[in-house]
Amino acid sequence: MDGEENPAEELRCDFCGEHAPNVRRVALDSGYDRLQKPHRERYACARCSEQKEQERHSK
Ligand SMILES: [Zn+2]
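Keep in mind that this is a model prediction, so the values were computed, not measured.

**Quick notes on the overall build of the protein**
When you go through the protein residue by residue, the secondary structure sums to one helix and two strands. Reading the secondary structure of the protein in the N-to-C direction produces β-β-α. Of all 59 residues assigned to the protein, the portion counted as buried reaches 10%. Put simply, 39% of the contacts in the protein that link residues at least 6 apart link residues at least 24 apart.

**Topic: the nonpolar core**
The biggest cluster of nonpolar side chains holds five residues, and these are Cys-13, Val-23, Ala-44, Cys-45 and Cys-48. Ignoring sequence-local partners within four residues, the contact set of Val-23 consists of Leu-11, Cys-13, Tyr-43, Ala-44 and Cys-45.

**Here's the deal with the confidence of the model for the protein**
Per-residue confidence for the protein gives a mean pLDDT of 78, with 64% of residues at or over 70. Across the protein, element-level confidence peaks in helix α1 (residues 46–58) with a mean pLDDT of 89 and bottoms out in strand β1 (residues 23–27) with 85.

**Things to note about the environment of Val-23**
Among the secondary structure elements, Val-23 is positioned in strand β1. Look at Val-23 and you get buried, because 20 C-beta atoms sit within 10 Å.

**Things to note about the environment of Arg-12**
As for its placement among the helices and strands, Arg-12 is situated in the segment before β1. Among the residues examined, Arg-12 registers 14 C-beta atoms within 10 Å and is labelled partly exposed. Linking Arg-12 and Tyr-43, residues 31 residues apart in sequence, is a C-alpha distance of 7.1 Å. Those residues in contact with Arg-12, other than ones at most four positions away along the chain, are Gly-17, His-19, Ala-20 and Tyr-43.

Thresholds, definitions, all that
- Residues numbered from 1 in each chain as written.
- Predicted model: local features only at pLDDT ≥ 70, side-chain atom pairs only at ≥ 80, totals over all residues.
- Helix = DSSP H or I, 4+ residues; strand = E, 2+ residues; numbered from the N terminus.
- Buried ≥ 20, exposed ≤ 12 C-beta atoms within 10 Å, placed from the backbone.
- Contact = placed C-beta atoms within 7 Å.
- Core = buried A, V, L, I, M, F, W, Y, C linked by C-beta atoms within 7 Å.
- pLDDT = per-residue confidence, 0-100.

Right, here's the structure in full:
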């Protein structure tokens, strides 16, 4: 058993707020968002995680 998945919990994207069948855990670098705790983990749907990847590479 692995405790990674919790089907009882609704999966929701933290970026667009949409419910998503699959979300990816995204660890934000410290300093990314000063109002949040450093290394906070968020969940992103496929589309948002892709967008974040592109933003990261374009900078
Ligand atoms: Zn999203």
